Amino acid sequence: MSIFKFTALAFAAIFSAPSIVEAQVRITNVSVLNVENGEFLPNRTVMIVDGVIADVSMSDEEPPSADAQVIDGTGKFLIPGLIDMHVHTDRSGLPLFLEYGVTTVRDMGTHFAPLEAGSGGQLQMRSDVASGLVAGPELFLSLRILDGIERNRWLMHFAHADTPEEGAALVDQVADAGGDFIKIYTDLDPDVFNAIATRARARNLPMVGHVPGRVGYAKAAEMGLTTAEHLRGFFIDASNEEDRWRDIYELAALSGDASQTYALVNGRLLEIAETYDYEKAAALFSLLRDNRVGIVPTLVVLDDPRWQYPSAQPDPALVARLSEIYGNIVTPSDDPRGPFASVADGLAVHVRQRQLVGDMHRAGVAILVGTDASNPFVLPGISLHEELAQLVRAGLTNAEVLRAATITNARYLDADDRIGSIAVGKEADLVLLRSNPLIDIAATRDIDAVLVDGEIVQINSDGAQDRQSAPQ
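Criteria and thresholds
- Residues numbered from 1 in each chain as written.
- Predicted model: local features only at pLDDT ≥ 70, side-chain atom pairs only at ≥ 80, totals over all residues.
- Heavy atoms only, no water.
- Helix = DSSP H or I, 4+ residues; strand = E, 2+ residues; numbered from the N terminus.
- Buried < 20%, exposed > 50% of the residue type's maximum accessible area, 1.4 Å probe, protein only.
- Contact = heavy atoms within 4.5 Å.
- Areas by Shrake-Rupley, 256 points an atom, 1.4 Å probe, with all protein chains shown as cover.
- 1 Å grid on protein atoms, 1.4 Å probe; cavity = no way out; pocket = protein on both sides within 12 Å on 5 of 7 lines; lining within 4 Å.
- Points joined across faces, edges and corners; volume = space filled by probe spheres on them.
- Nonpolar A, V, L, I, M, F, W, Y, C, P; charged D, E, K, R; others polar.
- Pairing = 2+ DSSP bridges.
- Axes fitted to C-alpha atoms, helices over the stretch in contact; angles between N-to-C directions.
- Right-handed = clockwise from strand over helix to strand, strands pointing away.

Peer 1: Would you explain the overall build of the chain in this entry?
Peer 2: From N to C terminus, the chain includes 16 helices and 18 strands. Buried positions account for 57% of the 472 residues belonging to the chain. Long-range contacts, defined as pairs at least 24 residues apart, comprise 70% of the intrachain contacts of the chain with a sequence gap of at least 6. Of the roughly 18900 Å² of accessible surface on the chain, 51% is carried by carbon and sulfur atoms.

Peer 1: I'm lost on empty space enclosed by the protein in this one. Help?
Peer 2: Empty space among the atoms can be located by rolling a probe the size of a water molecule over them. Tallied over the full model, the rule gives two cavities of 30 Å³ or more. Approximately 40 Å³ is the volume found for the largest cavity. Taken together, P80, G81, I83, T103, T104, I419, G420, S421, E427 and D429 form the lining of the largest cavity. Partitioning the lining of the largest cavity into residue classes produces three nonpolar, five polar and two charged. Estimated volume of the second largest cavity: approximately 40 Å³. Every residue along the wall of the second largest cavity is listed here: T186, V211, G213, R232, G233, I236, Y249 and V265. Tallied by class, residues from the lining of the second largest cavity come to four nonpolar, three polar and one charged.

Peer 1: Can you walk me through the pairing of strand β3 (residues 52-58) in this structure?
Peer 2: In regular strands, side chains alternate between the two faces of the sheet. Relative to β3, strand β2 (residues 39-49) is paired through six bridges, and the arrangement is antiparallel. Across the sheet, V46 pairs through a bridge with V56, a residue of β3. In this antiparallel pair of consecutive strands, β2 and β3, the connection spans two residues, and D50 shows a positive phi of 50°.

Peer 1: Got a minute to help me understand the side chain of N436 in this structure?
Peer 2: Within the secondary structure, N436 sits in the loop between β15 (430-433) and β16 (447-452). If we skip the residues at most four places from it in the chain, N436 touches F40, F77 and A443.

Peer 1: Teacher, can you tell me more about the sheet that holds strand β9 (residues 145-147) here?
Peer 2: Strand pairing within a sheet occurs via backbone hydrogen bonds; the two strands may be parallel or antiparallel. Spatial strand order, β10-β9-β11-β12-β13-β14: six strands in an open sheet with parallel pairing. Edge positions in the sheet fall to β10 (158-160) and β14 (294-296), since each of these pairs with one other strand and no more. On average, each strand axis in the sheet is inclined to that of its neighbour by 30°, with strand direction left out of account.

Peer 1: What am I meant to see in the pairing of strand β7 (residues 102-107) here?
Peer 2: Extensive coverage of β7 is indicated by the burial of six of its six residues. In the sheet, strand β6 (residues 82-87) pairs with β7 via four bridges, with the strands oriented parallel. When the sheet's bridge partners are listed, V87 is paired in β7 with D107. Assessed by its sense of winding, the connection that carries the chain from β6 through helix α2 (residues 94-99) to β7 is right-handed. With four bridges connecting them, β7 and strand β8 (residues 138-141) associate as parallel partners. Bridge pairing in β8 places T104 opposite E138.

Here is the structure:
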């Protein structure tokens, strides 16, 4: 991804210097998605100069330059590159993201995350992608997950803090290493959470992640939470017996066993939801909206296919392209009931969570698009398209879902000045579709080409990727 930000003056300077030879690509006769109003602009030509969109005009206004490489977009639909706001990936997952049109991802913590310079891991992967050594989506990194319970030692991306001082020090560690944001987790102590939030603001890093169960959504929003992941714990906040459920959570958290709090907010969700207070929930929606907290529901990770199809397995051809550790993670071997008493409960919980997303959206809360790849059944790239379909089922229109997966996600990355829409001056990360996703959201899977910085991404027979210029 280019790090350069072009202005109108910069383009004027480029075109006034004919001695400079630029790499030009034109996508002609294509319908271009305006993500802001949810409409396709027909019969457009998109001109790309050195990986940046230089012009979007009617195709009959100016013939293609003899020096430009041309992609015929007749009958096709051009959308911005898709953004996944919640992934866990290593190098093996990068080709899959690009193959399915995901050109930017927010990595929320990965097993291979040493912070020391030259030690590899996420920092090196981000550098290799940015420099063009590795073909992959642009990476925004958390580097660490800050929690109040110590995890298994091999999970090097987890770091626990018992005191406010330790929490603040972990924020400094992530900031000094080059992390893009601070990820918080489920079982932080309220005082430690406050210290992390305060230090994150001081270091000018967004705070995102799981809302700690002993903090709650309202307090987290007021302390500057940028995005909340997975909806976990929201039903406690919206309960008319919140104090009772908060006390139960406190006891589970003090056990030092993270599985107990997980079992509570997931396995007992239907029981908690029986005490749902609609007026209280509406007030929380307003608070989230007014504080501009984005919600990343990751509905796809909360929906186990085995609940409806007992023999379901993730696509083995895609799993085979992942590293051994991530291949094992996406292929579950545990009880499909998970934390629920029955498969029926799991299905009912998923329906209730989807209803909650619809309610939040109608109340004006920003719904973002993320998948939680790689988790069981959630594969890089392809699962983003499944999440789009889930959000449509939750009540968002196709246009709203496409806006969420592009410009809205980009705004919450503070990168909407250069990605997220098809506009002059923005990076040419684009997806060319054969059919119209405003008619059927499944059309986002019907990909004709993926462009990164104006170059078509090619998938080799061994699953590796390279880039090549568009065909003449």
